[in-house]
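# Overview (structure and organization)
Chain residues, written in single-letter form:
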Amino acid sequence: MANIASARKRARQAVKNRAHNMALRSRFRTYMKAVLKPLRKGDVEAAREAYRQAVPIIDKTANKGLIHKNKAARHKSRLNQRIRALQS
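Residues numbered from 1 in each chain as written. Predicted model: local features only at pLDDT ≥ 70, side-chain atom pairs only at ≥ 80, totals over all residues. Heavy atoms only, no water.

Turning our eyes to something else, we now look at the pattern of salt bridges. Counted by the stated rule, this structure contains three salt bridges. For E45, the salt bridge identified is with R48, shortest N-O distance 2.8 Å. Taken together, the positions of E45 and R48, both in helix α2 (residues 44-63) and three residues apart, correspond to about one turn of that helix. Of the residues examined, R48 reaches a relative accessible area of 24% and is grouped as partly exposed. For the salt bridge of K76 with D59, the shortest nitrogen-to-oxygen distance reads 2.6 Å. Note that K76 is positioned in helix α3 (residues 69-87) and D59 in helix α2, a separation of 17 residues in sequence. For K76, a relative accessible area of 21% puts it in the partly exposed group. (Salt bridge = Lys/Arg side-chain N within 4 Å of Asp/Glu carboxyl O. Helix = DSSP H or I, 4+ residues; strand = E, 2+ residues; numbered from the N terminus. Buried < 20%, exposed > 50% of the residue type's maximum accessible area, 1.4 Å probe, protein only.)

Following this line, the structure appears as structure tokens:
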């Protein structure tokens, strides 16, 4: 355990920040799964609506630095690609 007051404070902040980051990452994964579920069932309309809701969450996760911007773009691209494949 840290002995210096500033180091103790940093340790407390790290615990709080980790909990916050885990919650945001969990929300990101939840929205990703919400798009994948109707895709597996073949429900294009539900998948498209879930995708519309997931895009801002994916972008927010990238903007906060939890995932890289290219990873966010890749996820959005692949989800959109799968939705378009179901339509045709």
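Here the focus is the nonpolar core. Of all hydrophobic cores here, the largest spans 15 residues; its most connected members are V35, L39, I58, L79 and I83. Elements with a minimum of two residues in this core: α1 (5-41), α2 and α3. Here this core gets six residues from one element, more than from any other, and that element is α2. In this view, I58 contacts F28, M32, I67, A72, K76 and L79; residues no more than four positions away in its chain are not counted. (Core = buried A, V, L, I, M, F, W, Y, C linked by side-chain atoms within 4.5 Å. Contact = heavy atoms within 4.5 Å.)

For the rest of this paragraph, the subject is the environment of I57. The residue I57 is located in helix α2 in this model. In sequence terms I57 and T30 are 27 residues apart; their C-alpha atoms lie 10.0 Å from each other.

Between its first and last C-alpha, α1 extends 55 Å over 37 residues, near the 54 Å set by a 1.5 Å rise per residue. What α1 keeps buried is the set L24, F28, M32, V35, L36, P38 and L39. At the C-terminal side of α1, G42 shows a positive phi close to 90°. (Expected span 1.5 Å × (residues − 1).)

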